[in-house]
Amino acid sequence: MFTRDELCKMIDHTLLKPWVVESEIVKICGEARAFRFAAACVNSSWVHVAARELEGSGVSICATIGFPLGACSTAAKAAEAAEAVGSGAAELDMVMNIGLLKGGDCAGVVRDIAAVNDAARARARGLGRDVILKVIIEACYLTDEEKVEACRLAVEGGAEFVKTSTGFGPSGATVEDVRLMSRAVGGRALVKAAGGIQTLAEAKAMIEAGASRIGTSRGPLLVDEMSRQA
């Protein structure tokens, strides 16, 4: 089992809806700072606000890339990644090109991921920083065989994490997918569970199945629930 502080260090406090306004970004950054979450996860257009609000806090800023479909051009994804890092992002959650995967273009999938990885790391090096890349495979659209292949390709492209879901698909994270993905990466990467995680019991199940990060908009509620159970 894990402590309250350990749970906080596994949470990416997330706000990705398209209608979000600046005051809401400020609010989740304040919560992320107060709870000392691993990261605040925002769309890339809000990275500069998160950077301002989280300066000196020790909380990472995570930006989504190619979100939520993953179907934009590789050049667009790479440019978005470089800009996000330049604005203050230390972590990137990019969406895999699912169509390339399902069409059997494995080399194309790796090129897409590697281009984002290279652009982000080049920008980070220029700023004297590092960056973590997470690849969202959107598991709800994939067979088990495709999930395993997606994890393999993500690692080959340079990802440190594979992530279950955007939260915008027809379903989100499942314990079975987390367990499968954890086996698939075999210690070469970590697993982030995201999409529809509403309760502490669900978060615990994901962690027990192999998740090292939990992406959720309900971080404070999960931690408060754990505190009440203590």
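Here we summarise the structure given alongside this text. Here the structure is a predicted model, which means the values were calculated and not measured.

1. Details of the layout of surface pockets
If a probe as big as a water molecule is rolled over the atoms, it shows which places are left empty.
No. 1: Of the volumes computed, that of the largest pocket is approximately 340 Å³.
No. 2: Contributing to the lining of the largest pocket are 19 residues, with Thr14, Thr166, Gly167, Gly196 and Ser217 lying nearest its centre.
No. 3: Looking at the lining of the largest pocket, its residues break down into five nonpolar, 10 polar and four charged.

2. Let's talk about unusual backbone geometry
Apart from glycine, the bulk of residues carry a negative phi angle, and the bulk of peptide bonds sit in the trans form.
No. 1: Following Phe67, the chain continues into Pro68 via a peptide bond in cis, with omega recorded as 0°.
No. 2: Note on placement: Pro68 falls in the loop between strand E3 (60-65) and helix H4 (74-87).
No. 3: A positive phi angle is found at Arg36, which is not glycine, with a value near 55°.
No. 4: Take Arg36: it is sitting in the loop between helix H2 (22-35) and strand E2 (39-43).
No. 5: The phi dihedral of Glu138 is positive, around 50°, even though this residue is not glycine.
No. 6: Structurally, Glu138 is set in the loop between strand E5 (132-136) and helix H7 (144-157).

Each value, and the rule that gives it
Along each chain, numbering runs from 1 in the same order as the chain's sequence is written. Confidence filtering applies because this is a predicted model: local features only for residues at pLDDT of at least 70, side-chain atom pairs given and counted only at 80 or more, and all residues used for totals across whole chains, interfaces and linings. Excluded from the side-chain calculations are hydrogens and water; all other atoms, namely the structure's heavy atoms, are used. For cavity detection a 1 Å grid was placed over the protein atoms alone, and a set of points counts as a cavity when a 1.4 Å probe fits there but cannot get out; an open set counts as a pocket when protein lies on both sides within 12 Å along at least five of seven lines, with lining residues being those that have an atom within 4 Å of a point. Grid points are joined across faces, edges and corners, and a volume is the space filled by probe spheres set on the points. Each residue is assigned to one of three groups, with Ala, Val, Leu, Ile, Met, Phe, Trp, Tyr, Cys and Pro labelled nonpolar, Asp, Glu, Lys and Arg labelled charged, and all others, Gly among them, labelled polar. Numbering goes from the N terminus for both helices and strands, where a helix is a DSSP run of H or I of at least four residues and a strand is a run of E of at least two.

So, to be careful, I would describe these as geometric facts and stop short of saying anything about function.
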